[in-house]
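Single-letter residue listing:
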Amino acid sequence: MTSPARPAPRLLPAHPVRAAIVMVGIVALLWIIEILDRTVFVALDPPSGLDDDGIVPRTVDGLGGILWSPLLHGGFEHLAGNTVPLLVFGFLVLAGGLGQFLAVTAVIWLVSGVGTWLIGSPGSTIGASGIIFGWFAFLLVRGFFARSVGQIVLAVVLLLIYGGLLFGVLPSTPGISWQAHLCGAIGGILAARLTVVADRRRSGPGTTPSGTPALG
């Protein structure tokens, strides 16, 4: 008796409109925070506002930045540059369901933050780039871990479109935290591996995986 075939992993969210709303809501929150920072908080704490409250490597005070650094940006241009990758990659990560999205993001958030605190350059590191690189790395490697042809094809397409981002994990432009990018990517690879292992444990031999909760 043969075992039931496992369904192919989703490449897009089961409820794309709801997934899009989630991502637009997340990005809108970041814009609201930045607007408040450029107006209210800059007036209260000139000239930087919240920009000094990011990850300050190897300092006790800088540990708190691990929690909120991805929510802060160094101006509207910085946030604008992160907006489209956040929307695209976040939407695609939601294909695994909201539960998986939150778990993957938490792993990336923690690994990127702790890694930046350990090896980052002096000064305050802020921005969602670590999350972006983590999501991107997750999308690039999960298909290889899961042996999913569809996810591998999607990874190739993303690599063709956004492959230039990978140079961001190398020391390059002064003032850009390549350490946050690199640690975020490491977090994404780790999250992909943990996700595939968890999916296989849930499905078990001879059964179909229940998967993580889809947006609904």
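This structure is a prediction, so every number in the text was calculated from the model and none was measured. One numbering rule holds for all chains: residues counted from 1, following each sequence as written. Only residues with pLDDT of at least 70 are given local features in this predicted model, and only at 80 or more are side-chain atom pairs given and counted; all residues enter the totals for whole chains, interfaces and linings. Note: side-chain values were computed over all heavy atoms of the structure, leaving out hydrogens and water.

Concerning helix α1 (residues 16–44)
Point 1. End to end, α1 covers 40 Å across 29 residues, agreeing with the expected 42 Å (1.5 Å per residue, within 8%).
Point 2. Most pronounced at Asp 37, the bend in α1 amounts to some 45°.
Point 3. Of the residues making up α1, those classed as buried are Ala 19, Met 23, Val 27, Leu 30, Ile 33, Glu 34, Asp 37 and Val 42.
Point 4. At its buried positions, α1 is contacted by α3 (76–93), α4 (98–119) and α5 (129–146). In this text, helices come from DSSP runs of H or I with a minimum length of four residues, and strands from runs of E with a minimum of two, each type numbered from the N-terminal end. Expected helix span is taken as 1.5 Å per residue step, with the number of steps being one fewer than the number of residues. Each residue is assigned a bend, namely the angle between axes fitted to the seven residues that terminate at it and the seven residues that start at it. The buried label applies to any residue whose accessible area, calculated with a 1.4 Å probe on protein chains only, is under 20% of its type's maximum; exposed applies above 50%, and partly exposed to all values in between. Only heavy atoms matter for contacts: two residues are in contact if any of them lie within 4.5 Å across the pair.

Remarks on the pattern of salt bridges
Point 1. Whenever a carboxyl oxygen of Asp or Glu lies within 4 Å of a side-chain nitrogen of Lys or Arg, that contact is scored as a salt bridge. A full pass over the atoms with the stated rule returns 3 salt bridges.
Point 2. Here Arg 38 ties to Asp 37 by a salt bridge, and the two come within 2.9 Å at their closest N and O atoms.
Point 3. What makes Arg 38 partly exposed here is its relative accessible area of 25%.
Point 4. Classification of Asp 37 as buried rests on a relative accessible area of 0%.
Point 5. One salt-bridge network, held together by shared partners, links Glu 34, Asp 37, Arg 38 and Asp 51.

Some thoughts on the packing of α5 against helix α7 (residues 178–203)
Point 1. Interaxial distance between α5 and α7 falls to 6 Å at its minimum, and their mutual angle equals 40°. Classified by the angle between their axes, α5 and α7 sit oblique to one another. Judged by the sense of rotation from one axis to the other, the crossing of α5 with α7 is right-handed. Residues Ser 129, Gly 130, Phe 133, Gly 134, Ala 137, Phe 138, Val 141, Arg 142, Phe 145 and Ala 146 of α5 pack against Ala 180, His 181, Gly 184, Ala 185, Gly 188, Ile 189, Ala 191, Ala 192, Arg 193, Thr 195, Val 196 and Arg 200 of α7.
Point 2. Three classes are used, and their members are as follows: Ala, Val, Leu, Ile, Met, Phe, Trp, Tyr, Cys and Pro are nonpolar, Asp, Glu, Lys and Arg are charged, and the others, Gly among them, are polar. Class assignment of the residues belonging to the contact of α5 with α7 gives a composition of 12 nonpolar, 7 polar and 3 charged. Throughout, an axis means a line fitted to C-alpha atoms (over the contacting stretch in the case of helices), and angles, computed between N-to-C directions, take values from 0 to 180 degrees. Any angle that falls under 35 degrees is termed roughly parallel, while one over 145 is termed roughly antiparallel, one within 65 to 115 roughly perpendicular, and all others oblique. Helix crossings are classified by the rotation of the near helix relative to the far one: an anticlockwise turn of less than a right angle makes the crossing left-handed, while a clockwise turn makes it right-handed.

Thoughts on the environment of Asn 82
Point 1. Tracing the chain through its elements places Asn 82 in helix α3.
Point 2. Linking Asn 82 and Ile 176, residues 94 residues apart in sequence, is a C-alpha distance of 13 Å.
Point 3. Setting aside residues up to four positions removed in sequence, Asn 82 forms contacts with His 73, Ala 128, Ser 129 and Ile 132.

Section: a nonpolar patch on the surface
Point 1. Taken together, the side chains of Val 149, Val 153, Val 156, Val 157, Leu 160 and Ile 161 define a hydrophobic patch exposed on the protein surface, amounting to about 590 Å² of accessible area.
Point 2. Here Val 157 lies in helix α6 (residues 149–162).
Point 3. Assessed through its relative accessible area of 39%, Val 157 is described here as partly exposed. A patch consists of residues exposed above 30% relative accessible area that lack any salt bridge, with like charges linked at up to 9 Å and nonpolar side chains (Val, Leu, Ile, Met, Phe, Trp, Tyr) linked at up to 5 Å. In this description, accessible areas are obtained by the Shrake-Rupley approach with a 1.4 Å probe, and a residue is regarded as covered only by the protein chains that are shown.

Section: the environment of Gly 96
Point 1. Mapped onto the fold, Gly 96 is located in the loop between α3 and α4.
Point 2. Residues Gly 96 and Val 84, 12 residues apart in the sequence, show an inter-C-alpha distance of 20 Å.

A look at the packing of aromatic side chains
Point 1. Side-chain rings of Phe, Tyr and Trp, where Trp is taken by its six-membered ring, are said to pair if the distance between their centres is within 6.5 Å; with planes under 30 degrees apart they count as stacked, over 60 as edge-to-face, and otherwise as tilted. Under the counting rule described, the total for this entry stands at 4 aromatic pairs.
Point 2. When the centroid spacing of 5.0 Å and the interplanar angle of 75° are considered together, the rings of Phe 89 and Tyr 162 count as edge-to-face. With Phe 89 in helix α3 and Tyr 162 in helix α6, the pair connects residues that are 73 residues apart, well separated along the chain.
Point 3. The exposure class of Phe 89 is buried, given its relative accessible area of 0%.
Point 4. Judged by centre distance (5.4 Å) and plane angle (40°), the ring pair of Phe 101 and Trp 135 falls under tilted. Of this pair, Phe 101 sits in helix α4 while Trp 135 is found in helix α5, placing the two residues 34 residues apart along the sequence.
Point 5. Of the aromatic side chains, those joined through ring pairs into one cluster are Phe 89, Phe 136 and Tyr 162.
Point 6. Note on geometry: a ring has a charge over it if NZ (lysine) or CZ (arginine) is within 6 Å of the ring centre and within 35 degrees of the ring normal. Cation over ring: Arg 193 sits above Phe 145, and NZ or CZ is 5.5 Å from the ring centre.

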